[in-house]
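Chain by chain, the residues run as shown.
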Protein chains: 2
Amino acid sequence: MIRIGLLGAARIADQAIIQPAALRNDVVIAAVAASNLEKAQAFAQQFGIEHAFGSYDELIARDDIDLIYNALPPSLHAKWSIRALLHGKHVLCEKPFAMDAEEAKAMVAAADASGRLLIEAYHYRFHPVFAEVERLVKSGELGTIHTVRSNFSVRIAETPGSLRHNAPLGGGALMDLGCYPLHWLRTLFGGTPEILWADAICPKPQLDSSFELRLQFPNGPLCYVGCAMSEHLSRHHDASLYLEGDKGQLEVLNLVAPHQGHKLCLTKNGEAHEYQINGDTTYDHQLAHVIACIKGETKPLTGGQDAIDQMQLIDDAYKAAGLLPRGLCK
Amino acid sequence: MIRIGLLGAARIADQAIIQPAALRNDVVIAAVAASNLEKAQAFAQQFGIEHAFGSYDELIARDDIDLIYNALPPSLHAKWSIRALLHGKHVLCEKPFAMDAEEAKAMVAAADASGRLLIEAYHYRFHPVFAEVERLVKSGELGTIHTVRSNFSVRIAETPGSLRHNAPLGGGALMDLGCYPLHWLRTLFGGTPEILWADAICPKPQLDSSFELRLQFPNGPLCYVGCAMSEHLSRHHDASLYLEGDKGQLEVLNLVAPHQGHKLCLTKNGEAHEYQINGDTTYDHQLAHVIACIKGETKPLTGGQDAIDQMQLIDDAYKAAGLLPRGLCK
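Below is a summary of the structure that appears in this document. The model shown is predicted, which means the values in this text are computed figures rather than measured ones. (Residues numbered from 1 in each chain as written. Chains lettered and ligands numbered in written order. Predicted model: local features only at pLDDT ≥ 70, side-chain atom pairs only at ≥ 80, totals over all residues. Heavy atoms only, no water.)

### Structural notes on the relation of the copies chain B and chain A
- For the pair chain B and chain A, the best superposition has an RMSD of 0.0 Å and corresponds to a rotation of 180° with a translation of 0.0 Å parallel to the axis. Look at the turn and shift together and you get a two-fold axis relating the two. Among all residues of chain B, the one whose C-alpha sits closest to the rotation axis is alanine 42 of chain B, at a distance of 1.8 Å.
- Here 100% of the contact residues of chain B are again contact residues in chain A; the copies associate through an equivalent surface. (Least-squares fit on C-alpha atoms with pLDDT ≥ 70 in both. Contact = heavy atoms within 4.5 Å.)

Following this line, the structure appears as structure tokens:
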């Protein structure tokens, strides 16, 4: 039985790990820690979790916990993931991984030193829909892919206490949403893209509510990346990837949460074929992957150098748009 | 300011009403009541709610609450909705409305006697995607609609304490999922359909994990209705409606939660046109509708006689499949 401890009484934990864990017989959510004991106890009671702790240190010091799920604000990811690793825990860390590439490097060094797993929670990555996209790109079925458009935008109003609207805590549209299309593209095309152009709209200092990027991958396609969080988007939710190759095109709708409805539209020789790929929730697949890694059955697909490179690209994008990497936002 | 009280510290409350309320400046979630005080306090603390009560009676007796959101198990909907109405509160009641039509009648009588609103939380009903489906059906664009296929199935494993796997609490696939396609069809075609055929699969007594129905609407189409909850479905989530008329066809994917991705495919003269309709979340639209009803700006689209007729059809479907209406399950 793999025993999981939750770092932070976070709303996302319910769908991201509590529900997936309830469907398995080899894991249990054994404990939760929050910034104070009342908050932790409240959360533990709501979700039927045995132990509640009023400090993060108490949780990571336990010797009956195997895996820590870090759902704290991004500004606390580095500090507490490193401490958990050095206490011998595996860590599944929410995205964005860290405030900047420097923090990411320190986290990966801690994982290396401890010999424990550090996996970034890009849940989409573990779903069969993404495996299908990867297969189509790598098989050459689309020919040489020359142009890519990608977007993740969600109609989100600013609510009191919202992390994603707070730059010093790691907020911003690129950190919260745009990180997904950046990660899709990096995973599909590899290497470090050149940033040709970057532009952000900031309703308050350093806080990007939308971000546009043009990237050129080495020996790869020109990629347009967009993301936005605002009350005024035409659609509530858009998580789309469009790949244009010289032999075909692929459009994917809802690559972030395909279990909530998605579409693949593959066009070759002028004929469009629309289909879907069966799967569980992205979070079920993510937990299955993490467990398989802990059991030594497979190797992590995210985290490590991938996470460092991802944060470096985010840092560089902020700089290219005339903003500060999040680690410098105070 | 309309002050909302939550009956039950339910998981669904976060997306169904807490998040939508946070986006408005004319409502506030003022209180929550649970079966014990610790549970209520835990929930109040997690979501920043001012008052917590350890009994439902304490909440509905408050004179500073305008609207009760009833998210208790279906077996408790009638009792507590009636008490809340008789204490002068408006009630938004989760679906399924009641255990059977008899309970629904008593609830509607209480609403009539109190002069307060009683609205059933069929959130899909208030989203512009459903308005578009209704427009296409009522305008005659599809001609005479003769055949309809509808389905709502979700890959759901049985977890400890699951209400939907407990018949005496109001569980079952038809109560939990199939109620949606039944409500779509009743809203689109009106009147009381004849049940031509009904069949349920029950892994334990009276607990339907899947349900199939064939319905004939008066002067309307033959409708196939399916629903299933199981670990073994080919797709994680299917909420689809297919309408076949003599002038055209319409396929709708994800009519339950179109804000998480949906598709309308309208075919006329052999040409298919695929599109989407902008909107907020179904729950945002639902809360906007409830508030507009309270302010007297519009009339409720669900609840009342509609809820009684809906429960009567569910009762009749259970009987037609050789099962007990939920009110008789002990």
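### Focus on the packing of aromatic side chains
Residue and element names in this part refer to chain B.
- Under the counting rule described, the total for this entry stands at 20 aromatic pairs over all chains.
- Aromatic pair phenylalanine 43 and phenylalanine 47: ring centres 4.8 Å apart, planes at 50°, arrangement tilted. One end of the pair, phenylalanine 43, and the other, phenylalanine 47, are both in helix H2 (residues 37-47), 4 residues apart, so they sit about a helical turn from each other. Both residues of the pair, phenylalanine 43 and phenylalanine 47, belong to the buried class.
- Measuring from ring centre to ring centre gives 5.2 Å for tyrosine 56 and tryptophan 80, while their planes differ by 75°; the resulting arrangement is edge-to-face. (Phe/Tyr/Trp six-rings, centres within 6.5 Å; stacked < 30°, edge-to-face > 60°. Helix = DSSP H or I, 4+ residues; strand = E, 2+ residues; numbered from the N terminus. Buried < 20%, exposed > 50% of the residue type's maximum accessible area, 1.4 Å probe, protein only.)

### Here's the deal with the packing of helix H7 (residues 173-189) of chain B against helix H9 (residues 305-320) of chain B
Residue and element names in this part refer to chain B.
- Packing of H7 against H9 brings their axes to within 10 Å, and their N-to-C directions diverge by 120°. The pairing of H7 with H9 is recorded here as oblique in orientation. Crossing handedness for the pair H7 and H9: right-handed. Contact residues: H7 offers Leu174, Met175, Cys179, Leu182, His183 and Arg186, while H9 offers Asp306, Asp309, Gln310, Met311, Leu313, Ile314, Ala317 and Tyr318.
- Its residues placed into classes, the contact of H7 with H9 shows 9 nonpolar, 2 polar and 3 charged. (Axes fitted to C-alpha atoms, helices over the stretch in contact; angles between N-to-C directions. Parallel < 35°, antiparallel > 145°, perpendicular 65-115°, else oblique. Left-handed = near helix turned anticlockwise from the far one by under 90°. Nonpolar A, V, L, I, M, F, W, Y, C, P; charged D, E, K, R; others polar.)

### Thoughts on the sheet that holds strand E2 (residues 27-33) of chain B
Residue and element names in this part refer to chain B.
- Spatial ordering of the open sheet is given by E3-E2-E1-E4-E5-E6, a layout of 6 strands whose pairing is parallel. Looking along the sheet, the strands with just one partner apiece sit at the ends: strand E3 (51-53) and strand E6 (118-120). Taking the axes of each pair of neighbouring strands and ignoring which way they run, one obtains an average angle of 25° across the sheet.
- Direction of pairing for E2 relative to E3: parallel, over a ladder of 3 bridges. For alanine 33, the partnering residue across the bridge sits in E3 and is phenylalanine 53. (Pairing = 2+ DSSP bridges.)

### Regarding the nonpolar core
- Among the nonpolar cores identified, the biggest contains 83 residues, and Phe97, Phe189, Phe211, Leu241 and Leu243 of chain B are the most heavily contacted of them.
- Here this core gets 11 residues from one element, more than from any other, and that element is H7 of chain B.
- No fewer than three residues from each of domain 1 (2-120) and domain 2 (128-279) of chain B sit in this core.
- Val133, Leu136, Ile145 and Leu207 of chain A belong to the second largest nonpolar core, which has 82 residues in total. (Core = buried A, V, L, I, M, F, W, Y, C linked by side-chain atoms within 4.5 Å. Domains from an automatic or database assignment.)

### Regarding H2 of chain B
- Those residues of H2 of chain B lying buried are Ala40, Ala42, Phe43, Ala44, Gln46 and Phe47 of chain B.
- Residues of H2 of chain B that are buried sit in contact with helix H2 (37-47) of chain A together with strand E1 (2-7), helix H1 (12-22), E2 and E3 of chain B.
- The backbone nitrogen of glutamate 38 of chain B lies 3.2 Å from a side-chain oxygen of the residue at the head of H2 of chain B, namely asparagine 36 of chain B. (Polar contact = N/O pair within 3.5 Å; in protein donor to acceptor, adjacent residues only side chain to side chain.)

### A few points about the interface of chain B and chain A
- Counting residues at the interface gives 32 residues for chain B and 32 residues for chain A.
- Roughly 2,700 Å² is buried in total at the junction of chain B and chain A, and carbon and sulfur atoms are behind 44% of that figure.
- By the criterion of area lost to chain A, the three top residues of chain B are Arg11, Gln46 and Gln260 of chain B, representing 21% of everything that side buries.
- There are 6 salt bridges connecting chain B and chain A. (Buried area = accessible area lost by both parts, 1.4 Å probe. Salt bridge = Lys/Arg side-chain N within 4 Å of Asp/Glu carboxyl O.)

### Points about the pairing of strand E11 (residues 237-245) of chain A
Residue and element names in this part refer to chain A.
- Bridge count between strand E7 (residues 145-155) and E11: 9 bridges; the pairing is antiparallel. Note on E11: the bridge partner recorded for threonine 147 is glutamate 244.
- The pairing of E11 with strand E12 (residues 248-253) spans 5 bridges and is antiparallel. Within E12, the residue paired with serine 240 across the bridge is leucine 253.
- Counted along the chain from E11 to the antiparallel partner E12, the turn is 2 residues long.

### A closer look at the pattern of salt bridges
- Going through the model one piece at a time under the given rule, you end up with 38 salt bridges over all chains.
- Among the salt bridges present, the one from lysine 319 of chain A reaches aspartate 316 of chain A, with a minimum N-O distance of 3.8 Å. Here aspartate 316 of chain A and lysine 319 of chain A lie together in helix H9 (residues 305-320), a separation of 3 residues that amounts to about one turn.
- The partly exposed category is assigned to aspartate 316 of chain A, whose relative accessible area is 27%.
- Two residues, arginine 24 of chain B and aspartate 26 of chain B, come together in a salt bridge whose shortest N-O distance is 2.8 Å.
- Judged by relative accessible area, aspartate 26 of chain B falls into the buried class, the value being 14%.
- Where salt bridges share partners, they join Glu132, Arg135, Glu141 and Lys268 of chain A into one cluster.

### Re H2 of chain A
- Contact partners of the buried residues in H2 of chain A: strand E1 (2-7), helix H1 (12-22), strand E2 (27-33) and strand E3 (51-53) of chain A together with H2 of chain B.
- Directly after H2 of chain A, the chain includes glycine 48 of chain A, whose backbone phi takes a positive value near 65°.

### Description of the pairing of strand E5 (residues 90-93) of chain A
Residues and elements named next belong to chain A.
- The alternating pattern of E5 places His90 and Leu92 and Val91 and Cys93 on opposite faces, both of which are buried.
- Relative to E5, strand E4 (residues 67-70) is paired through 4 bridges, and the arrangement is parallel. Opposite leucine 67, over in E5, you have histidine 90 as the bridge partner.
- At this point the chain moves from E4, through helix H4 (residues 77-86), to the parallel E5, and the crossover so formed is right-handed.
- Two strands pair when backbone bridges link them, and E5 and strand E6 (residues 118-120) are joined in this way by 3 bridges, in the parallel orientation. By the bridge assignment, cysteine 93 is partnered in E6 with glutamate 120.
- Regarding the hand of the β-α-β motif, the stretch spanning E5, helix H5 (residues 101-114) and E6 is right-handed. (Right-handed = clockwise from strand over helix to strand, strands pointing away.)

### Quick word on the side chain of serine 240 of chain A
Residue and element names in this part refer to chain A.
- Counting through the fold element by element, serine 240 comes out in strand E11.
- The class of serine 240 is buried, set by a relative accessible area of 16%.
- When near neighbours in sequence (up to four residues on either side) are disregarded, serine 240 contacts Arg149, Ser150, Asn151, Trp184, Val252 and Leu253.

### Some words on the sheet that holds E4 of chain A
Residue and element names in this part refer to chain A.
- One open sheet holds the 6 strands; their spatial order is E3-E2-E1-E4-E5-E6, and the pairing between them is parallel. Whereas interior strands pair on both sides, the edge strands pair on one side only; in this sheet they are E3 and E6. Pairwise comparison of adjacent strand axes, ignoring direction, gives a mean angle of 25° for this sheet.
- H4 rests against E1, E4, E5 and E6 of the sheet, and its axis sits at about 160° to E5.

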